[in-house]
Amino acid sequence: MRLLLYGGTFDPPHNGHLNNLKAAAARVMPDLAVVMPAGVPPHKAASATPAALRLEMCRCFYELEGAPALPKITVSDWEIRQAAGGRRNYTVLTLEMLAKRYPEATLYLAVGSDMLETFREWYRWQDILRLARLVVVSREAGDDDALHAAARSLDPMGSHILLAPVEALPMASRALRRRLAAGEDCAADLPASVRQVIRREGLYTSPEPPEPPRRCHHPEHG
């Protein structure tokens, strides 16, 4: 069994997220893809969007279920429940949980290309590579050379880091939140089900304060 973990803050989930999951899945052909919205990411300020709404918006990933590379998808609230219980989570802990829950599975972790270049700053990064193979999808066009160099430095034997070719859709949730606050509907960038939740709940209507500098890079999923 092949299990692909795809996590993030998903605030909100957008078409770039769906595109990256499709690319990662096409690379490894998983039997199950687990989408894992973060509870309280260690490397970011806490989201102002309630976790329950981020979880609901992540149901847009079910639109991909049934495709040849994505026969089964589940959206998990495990990290959200960890945060609700006062526990801060890291990627390695999620992988350890999945390894116990699916002991027969080969684990894969989908990450963006920007995360690979700072991967040594992740909490227990060596254990992540022991538990799972990384599937790196590009977030920006033209970064192949840097990706290959970063992959070789982390995994000289080339057995634990896989590069997933993708037609990059360069977009970021933070930029989408700014655009939504400015009154754009971002219909070309957001699944219809996500836009429905945003309208219903009146999300992303106020400008955000500037993002504080990052003090560490121990991402839950990026």
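It should be emphasised that the depicted structure is a prediction, and the values quoted were computed from it without experimental measurement.

### A word on the confidence of the model for the chain
- Residues with a pLDDT of 70 or more make up 86% of the chain, whose mean pLDDT is 87.
- In the predicted structure, residues 214-218 sits below a pLDDT of 50 and forms 12 contacts with residues beyond four places in sequence or in another chain.

### Observations concerning the side chain of Ser-76
- Positionally, Ser-76 belongs in the loop between strand S3 (73-75) and helix H3 (78-84).
- In terms of polar contacts, Ser-76 uses its side chain to reach the backbone amide nitrogen of Trp-78, at 3.1 Å.

### A few points about the sheet that holds strand S2 (residues 32-37)
- Across the sheet, which stays open at both edges, the 6 strands sit in the order S3-S2-S1-S4-S5-S6 with parallel pairing between neighbours. Both edges of this open sheet fall to S3 and strand S6 (161-164), since each of them pairs with a single strand only. If you compare each strand with its neighbour and ignore which way they point, the axes differ by 25 degrees on average.
- Two elements, strand S1 (residues 2-8) and S2, share 6 bridges in a ladder whose sense is parallel. Bridging across to S2, Gly-7 finds its partner in Met-36.
- Here helix H1 (residues 15-28) sits on the sheet in contact with S1, S2, strand S4 (106-112), strand S5 (132-137) and S6, set at roughly 160 degrees to S1.
- Across the sheet, helix H4 (residues 91-101) lies against S1, S2, S4 and S5, angled at about 155 degrees from S4, the strand it touches most.

### Some points on the pattern of salt bridges
- In total, this model carries 9 salt bridges according to the counting rule given.
- Among the ionic pairs, Arg-200 bridges to Glu-56, the shortest N-O distance being 2.8 Å. Of this pair, Arg-200 sits in helix H9 (residues 192-201) while Glu-56 is found in helix H2 (residues 51-57), placing the two residues 144 residues apart along the sequence.
- For Glu-56, a relative accessible area of 27% gives the class partly exposed.
- Salt-bridge contacts for Glu-184 lead to Arg-179; the nearest nitrogen and oxygen are separated by 3.0 Å.

### Examining the packing of aromatic side chains
- In the structure shown here, the tally under the stated rule is 6 aromatic pairs.
- Consider the rings of Tyr-6 and Phe-61, whose centres lie 6.0 Å apart with planes at 85 degrees: the pair is edge-to-face. Here Phe-61 lies in the loop between H2 and S3 and Tyr-6 lies in strand S1, a separation of 55 residues in the sequence.
- For Phe-61, a relative accessible area of 0% translates into the label buried.
- Judged by centre distance (5.3 Å) and plane angle (65 degrees), the ring pair of Phe-10 and Phe-61 falls under edge-to-face. Of this pair, Phe-10 sits in the loop between S1 and H1 while Phe-61 sits in the loop between H2 and S3, placing them 51 residues apart in sequence.

Conventions used here
Residues numbered from 1 in each chain as written. Predicted model: local features only at pLDDT ≥ 70, side-chain atom pairs only at ≥ 80, totals over all residues. Heavy atoms only, no water. pLDDT = per-residue confidence, 0-100. Contact = heavy atoms within 4.5 Å. Helix = DSSP H or I, 4+ residues; strand = E, 2+ residues; numbered from the N terminus. Polar contact = N/O pair within 3.5 Å; in protein donor to acceptor, adjacent residues only side chain to side chain. Pairing = 2+ DSSP bridges. Axes fitted to C-alpha atoms, helices over the stretch in contact; angles between N-to-C directions. Salt bridge = Lys/Arg side-chain N within 4 Å of Asp/Glu carboxyl O. Buried < 20%, exposed > 50% of the residue type's maximum accessible area, 1.4 Å probe, protein only. Phe/Tyr/Trp six-rings, centres within 6.5 Å; stacked < 30°, edge-to-face > 60°.

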